[in-house]
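Results of the structural survey
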Amino acid sequence: MAILKHIASKNADYGEAQRYLMFQYNEDTMKPILDENGRLIPRDEYYLDGINCDPFSFDMECKELNAQYNKNHSFDEIKSHHYILSFDPRDMTENGLTGERAQQLGLEYARNNFPGHQALVCTHTDGHNESGNIHVHIVINSLRKYDVDRQDFMERPCDSCAGYKHHLTKDYLSYLKQDVMNLCLREHLHQVDLLSPAEKKVTDREYHARRRGQKKMDKLNQKMLADGILPRKTKFETQKDFLRSAIEETAASSHSLEEFQKLLKEKYLISFKTSRGRFSYLHPERGKYITGRSLGSHYEKEYLLSQWEKKAMQKQALFSEQKSSEDTSWNSMQNNLPAFVFIKSNLKLVVDLQNCVKAQQSSAYARKVKLSNLQQMAKTVAYIQEHGYDTEEDLEKASEEAETQTANMRKALRSTEDKLRQVNEQIHYTGQYLANKSIYRQFINSTNKTKFRQEHQTEITLYETARKILKGYSADGKLPSMKLLKVEKGNLTALKNSQYEAYQNLRKYEKELHTVQTNIDTFLGKDRSQQSELEKETTRS
């Protein structure tokens, strides 16, 4: 895979870049390696060319141009830009990439993307830190030397004029990365998507800190082993590495944002916060939060929330696998519903005269309550005889069965409502996807994608968001059919209505059995001080 790296330098010594390209340097200290006589050691293999300058007088020509336009004299001005184009090590063996070929590709890339600038183009074949990958260094003077024709990636009119500085913007850098991808595709070289955020973002600073820390740890471990002590750790871990591993493990074991935050604090002592819609993490030994964006795309809000949504979808898929058995069970329950269709019997609770303050204060009210209690008791006895409850145990068993059926129906209803909510969301995003599909197709076929995206930012964002969410719903990545979704919505809506009606009938039936039980207990003189909330609600009604 080819990657593009950019470094802006404020160093006024242009000769330093020349020396780095031609001579050996220590990659840790970035200082030149000298021989026993104190002289610089040339690199074993490199290819060096100049564009709009002689490569061996690059430093003097840049200073002359700066003096001509009176630019690049201040300390805080960017004097040069250093671009590094690194190819995949496999390109050497699998695709026949050589230093000469890479140098020609680098020259082509520099002429196309940095026209009018003085540039050094140098190819190294040893790779960074002896990694073995071929890479091309392109160092340009920040000041343009010649007037050039205006290009699509130039945003300002002066970007094509001599005497003006190299203006690197976010869109320009995206264009440069896209050109690297196109170049590798044309040359049949290994390539990855450079425009997508890195899953694990490791900066140069962290990379070198990790290498220095690992060297110190290895040296310390060797000393401990020599003393007969077994080291506890053999791999150095930066603070960001610690956060990444902790977040990965916690996210894998949690199912919601609240659970994620709680586990991070309890298990790793990592504080978590959301600021302006972004996730940030505080290492136990730091005083400043580290944003998820600086750790990588897999540690940001969008990715983590999508992972928890996938877990929920997978859990839902497990229920879907049992759909046939559940449907059979539901159909059986639905066929039995007429036996539970509730016909109100006008049964009411018998009033406990001993605990009724109003009855104790008014004898007339007490007589009225006694008559009402006799009527309710007569209805209760008739109800028991009609339904064939011979003993209290039969009545209690029927009440428990009614409670179980009501709870099961409530659970089934909630499951159906969750499925219906997901289908409605898929219908929404499918419509959003189809409405903006034509605009996105035009964007893919456009020659100037940056300009087209700026003009149709809203439509493209809506399309990409809808596509990403819809793919998350599908295990094979296929987008759902609007027709099938609407059919499924209709079936779920009908099922929901049937379940809701059955749930209401079962709930009323359960309440009626509780009323019968309460009346029997009162008639037999049992203590009803621990009356349930359901009974109290029935009493108030």
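Above this text is the structure in question.
Computed from a predicted model, the values in this text were never measured in an experiment. (Residues numbered from 1 in each chain as written. Predicted model: local features only at pLDDT ≥ 70, side-chain atom pairs only at ≥ 80, totals over all residues. Heavy atoms only, no water.)

The helix and strand inventory of the protein chain stands at 19 helices and 8 strands. Relative to its full complement of 541 residues, the protein chain shows a buried share of 36%. Contacts spanning at least 24 positions in sequence make up 64% of the contacts within the protein chain whose residues lie at least 6 apart. Carbon and sulfur atoms provide 51% of the accessible area of the protein chain, an area that totals close to 32,800 Å². (Helix = DSSP H or I, 4+ residues; strand = E, 2+ residues; numbered from the N terminus. Buried < 20%, exposed > 50% of the residue type's maximum accessible area, 1.4 Å probe, protein only. Contact = heavy atoms within 4.5 Å. Areas by Shrake-Rupley, 256 points an atom, 1.4 Å probe, with all protein chains shown as cover.)

Next up on the list: the nonpolar core. Residues Phe87, Phe114, Ile138 and Val180 are the most contacted members of the largest nonpolar core, which totals 29 residues. For this core, the secondary structure elements donating two or more residues are strand E3 (80-86), helix H4 (99-113), strand E4 (117-124), strand E5 (135-144) and helix H5 (170-186). When residues of this core are assigned to their parent elements, the largest contribution, 6 residues, is made by H5. (Core = buried A, V, L, I, M, F, W, Y, C linked by side-chain atoms within 4.5 Å.)

Moving on, we get to the pairing of strand E6 (residues 271-275). As defined by bridge partners, E6 adjoins strand E7 (residues 278-282) across 5 bridges and the pair is classed as antiparallel. For Thr274, the partnering residue across the bridge sits in E7 and is Phe279. Between the end of E6 and the start of E7, which pair antiparallel, lie 2 residues, with Arg276 showing a positive phi angle near 55°. (Pairing = 2+ DSSP bridges.)

This part is about the side chain of Gln103. Position of Gln103 relative to the elements: it lies in helix H4. Judged by its relative accessible area of 2%, Gln103 is buried. Within the structure, Gln103 has its side chain in polar contact with the side chain of Thr123 (distance 2.6 Å). Excluding residues within four positions of it along the chain, Gln103 makes contact with Tyr47, Leu48, Asp49, Val121, Cys122 and Thr123. (Polar contact = N/O pair within 3.5 Å; in protein donor to acceptor, adjacent residues only side chain to side chain.)

Moving on, we get to the packing of helix H7 (residues 239-253) against helix H8 (residues 257-268). In the contact formed by H7 and H8, the axes pass within 9 Å of each other and the chain directions differ by 130°. On the basis of the axis angle, H7 is oblique to H8. When the axes of H7 and H8 are compared, the crossing they make is right-handed. In this structure, H7 contributes Phe242, Ala246, Ile247, Glu249, Thr250, Ala251 and Ser253 to the contact, and H8 contributes Glu259, Phe260, Leu263, Leu264, Lys267 and Tyr268. Within the contact of H7 with H8, the residues separate by chemical class into 8 nonpolar, 2 polar and 3 charged. (Axes fitted to C-alpha atoms, helices over the stretch in contact; angles between N-to-C directions. Parallel < 35°, antiparallel > 145°, perpendicular 65-115°, else oblique. Left-handed = near helix turned anticlockwise from the far one by under 90°. Nonpolar A, V, L, I, M, F, W, Y, C, P; charged D, E, K, R; others polar.)

On to the packing of H4 against H5, then. Relative to each other, H4 and H5 sit at 145°, their axes nearing to 12 Å. The chirality of how H4 crosses H5 is right-handed. Between H4 and H5, the residues in contact are Leu105, Glu108, Tyr109 and Asn113 and Tyr172, Tyr175, Leu176, Asp179, Val180, Leu183 and Arg186, respectively. When its residues are assigned to classes, the contact of H4 with H5 shows 7 nonpolar, 1 polar and 3 charged.

Turning next to H5. Compared with the 24 Å implied by 1.5 Å per residue over 17 residues, the 24 Å span of H5 between its first and last C-alpha is a close match. Inspection of H5 places Tyr172, Leu176, Val180, Met181, Leu183 and Cys184 among the buried residues, and these make up the whole buried set. As for H5, its buried residues are in contact with strand E1 (3-9), E3 and H4. His188 sits one or two positions beyond H5 and adopts a positive phi of about 60°. (Expected span 1.5 Å × (residues − 1).)

In this section: helix H6 (residues 204-226). Taking 1.5 Å per residue as the helical rise, H6 with its 23 residues ought to reach 33 Å, and the 33 Å between its terminal C-alpha atoms agrees with that figure. Looking at H6, one finds that the buried residues are Glu206, His208, Arg211, Gly213, Met217 and Asn221. The inward-facing, buried residues of H6 contact H7. Following H6 by one or two positions, Gly228 adopts a phi angle in the positive range, close to 85°.

Taken in spatial order, the 5 strands make up an open sheet running E1-E3-E5-E4-E2, and their pairing is antiparallel. Looking at the sheet topology across the chains shown, the edges are occupied by E1 and strand E2 (46-51). Adjacent strand axes in the sheet meet at a mean angle of 15°, parallel and antiparallel pairs treated alike. In this structure, E1 lies alongside E3, joined through 7 bridges in antiparallel fashion. Residue pairing in the sheet places Ala8 in a bridge with His81 of E3. Where helix H2 (residues 58-69) meets the sheet, its contacts fall on E4 and E5, and the angle it forms with E5 comes to roughly 25°. Across the sheet, H4 is in contact with E1, E2, E4 and E5; its angle to E2 comes to roughly 20°.

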